[in-house]
Amino acid sequence: MRALPRLMALVCLGFCATLATAAPAQTPAQVAPPAAQTDVTARIVAAAQALLATLNQADRTKVQFPFDGPQKSGWSNFPTGIFKRAGLRLGDLTPPQRTAAMSLLSTALSPEGYRKIVEIMQGDEVLRKNDTGPGPGGPPPGGPPPRAPGDAPGGPGLTPGGPPRVAFGEDEYYLALIGPPSTTAPWMIQFGGHHLAINLTLAGTEATLAPSLTGAQPARFTIEGRTMRPLGSENDKAFDLINALDEGQRKQAILAYTVSDLVLGPGQDGRTIQPEGVRGSALTPAQQTMLLDLVREWAGIMNSAFAEPRMAEIRAHLAETYFAWSGQTTNGSMAYFRVQGPTLVIEYAPQRSIDHIHTIYRDPTNDYGKRYGSR
Amino acid sequence: MGRGDRIDFPLGLFNARGIASLAVVGVLLGASIEAHRLDEYLQAARVDLDSTRVEVRLALTPGVDVADAIVREIDVDRDGVLSQREQAAYVTRVLEAVHLDVDGHTARLHPTSSRFPAAADLKGGEGTITIRADAGIPPLRPGTHRVYVRNAYHAEIGAYLSNALVPRTKQIAVTAQQRNANQSELSIDYVVGAAR
């Protein structure tokens, strides 16, 4: 079985690239000076240009989109076959191209963030291998059909007029560069597939990861004896926090109704719902630290040169940030939670099972880098 | 069953035959995505409060297993195109199942806009129908008020999300939201301040 070595190689790629490119900025709990952010942006731009250099003209056209066009919101949690993505499909890349694509991601993200997306992809690979359905959801004997020339973005699984042919696995993730890579002007890296939508907007010394979606199915899996839980820390830290609340705080935090899905998931850009739950100002300092540590699981996906200023911003609004919970409070049971503040929305929504999770991360003031303006 | 076979559901109904057919489609899609919300009709309601009107914004997303039946319910002439007339009739049908009252008085919702994806996108399970409707109300006096919304549309397959939006004016502040267990009912308590 080659899965674990491949995963380890990808994680190592991320770790090594991070060490090489952004070591000064990757120390937690420090706000990187603007010079560090400028340097990291330059390294991300260099990694994007290195990827573009591996592509022919047709693929360069396929991966690049105008910054002010509609591609920004072209993301989903659905797999190929239900949702049609644009950009470069990993499964269509040569090994050097694929290495360059993953190197770009590892440079743009923190080691923890990169590990998380690799594990989400790895989980989808497990899903593909375990998918034995006889119909369009499963691969035919002998593997999936080859991608035909001229296949629409979305891969070979689309059958116009017929039921969707759903495709899973590490090959079914797409990369798009929205706006020309720049050290000063806004541009965006979009990477996604089933249960993953990373939307990283960079603008010189600033960056935002909002909106981004992470998910997992299975949420726990084993590869060569090693248990993987791509979103395990999010789950565990949230249960730790709800169980750290006293009775009065829980009464405020726990909602008396079922939340069956993400409220502000894909397609819900620009909406601000009324916050609910217990306010950050009602938490003890220790509980506030736990809440921030939970938030870091999302904000910390991007390179720490940008994640630390983002955490400082969230910390500054902590008193006005709410924590809401729906479901049981024993870890291992199914529960939805939401963290919402003036510049933050996080939702964690199990999909009828603790083995299938959707999450969303938003900044109502800066989704897609709207603070940075257009090009 | 071949991939191109069609499954006929009764219009607007999900009886035993329909449910059995849904199960077949679910199997065809493979066990791995069964846990996605494929056999439910996700209906998100967002309520925007103002002192002279209440707006209800609905986002309706049929799961892929039920989407074909929903499309057939809209596309009554079966031509594969959701015409303006068919869309308008569907909006009316949806809104007839949505009850709104303000301070205990029923307020009639009037559609203001709607957007329908292509039938193929709906059938693929990635299409969302959006409907905006509002109800004019007499100018509210400063003080506490309550809006109640109940969505009974396709309750047999409905999965509901209901939320108040943050009011756009600072003269209105939401003070509480109560829902029933599945969120098909939402009460919003809010305070209207004195006009400045």
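Structure: above.
The sections below set out a description of the structure shown in this document. Because the structure is a prediction, the values reported are computed rather than measured.

### Brief notes about the overall build of chain A
- Along its length, chain A carries nine helices and 14 strands.
- Residues classed as buried in chain A amount to 58% of the 375 residues present.
- By element, 57% of the accessible surface of chain A is carried by carbon and sulfur atoms, the whole surface being about 13,900 Å².

### Notes on the sheet that holds strand β4 (residues 105–106) of chain B
- If you walk across this open sheet you meet the five strands as β4-β3-β7-β10-β9 (chain B), and the pairing is antiparallel. Unpaired on one side and paired on the other, β4 and β9 (172–179) of chain B mark the two borders of the sheet.

### Concerning the sheet that holds strand β1 (residues 41–49) of chain B
Residue and element names in this part refer to chain B.
- With mixed pairing, five strands are arranged side by side in an open sheet as β5-β6-β2-β1-β8. In the strand order of this sheet, the two ends are held by β5 (110–115) and β8 (158–164), each with one partner. In this sheet, neighbouring strand axes are inclined to one another by 15° on average, regardless of whether the strands run parallel or antiparallel.
- Pairing between strand β2 (residues 53–62) and strand β6 (residues 129–136): eight bridges, direction antiparallel. Of the residues in β6, the one forming a bridge with A59 is T130.
- Lying over the sheet, helix α2 (residues 64–74) contacts β1, β2 and β6, oriented at roughly 120° with respect to β2.

### Some remarks on the nonpolar core
- Core analysis: the largest hydrophobic core is formed by 72 residues, its most contacted members being I44, L104, I117, I189, F191, L294 and F323 of chain A.
- If we ignore the near neighbours within four places in the chain, the residues touching L104 of chain A are I44, A47, A48, L51, L175, L177 and I189 of chain A.
- In this structure, L60, L82, A107 and I129 of chain B belong to the second largest nonpolar core, which totals 42 residues.

### Notes on the environment of S281 of chain A
All names here are of chain A.
- Its place among the elements puts S281 in the loop between β10 (278–279) and α8 (285–299).
- Distance in space between the C-alpha atoms of S281 and A319 is 4.1 Å, their sequence separation being 38 residues.
- Once you skip the residues sitting within four places of it in the chain, S281 turns out to touch Q288, L318 and A319.

### What to know about the side chain of H358 of chain A
Residue and element names in this part refer to chain A.
- Its place among the elements puts H358 in strand β14 (residues 357–362).
- For H358, a relative accessible area of 3% corresponds to the buried category.
- Polar side-chain contacts of H358 include one of 3.2 Å to the side chain of H195.
- Of note is the side chain of H358, whose polar atom sits 3.2 Å from the side chain of H356.

### Describing the pairing of β2 of chain B
All names here are of chain B.
- With nine of its ten residues buried, β2 lies for the most part within the structure.
- Relative to β2, β1 runs antiparallel, the two being bridged by nine bridges. Paired with L49 across the two strands is V54, which belongs to β2.
- The turn linking β1 back onto β2 is made up of three residues.

Thresholds, definitions, all that
Residues numbered from 1 in each chain as written. Chains lettered and ligands numbered in written order. Predicted model: local features only at pLDDT ≥ 70, side-chain atom pairs only at ≥ 80, totals over all residues. Heavy atoms only, no water. Helix = DSSP H or I, 4+ residues; strand = E, 2+ residues; numbered from the N terminus. Buried < 20%, exposed > 50% of the residue type's maximum accessible area, 1.4 Å probe, protein only. Areas by Shrake-Rupley, 256 points an atom, 1.4 Å probe, with all protein chains shown as cover. Pairing = 2+ DSSP bridges. Axes fitted to C-alpha atoms, helices over the stretch in contact; angles between N-to-C directions. Contact = heavy atoms within 4.5 Å. Core = buried A, V, L, I, M, F, W, Y, C linked by side-chain atoms within 4.5 Å. Polar contact = N/O pair within 3.5 Å; in protein donor to acceptor, adjacent residues only side chain to side chain.

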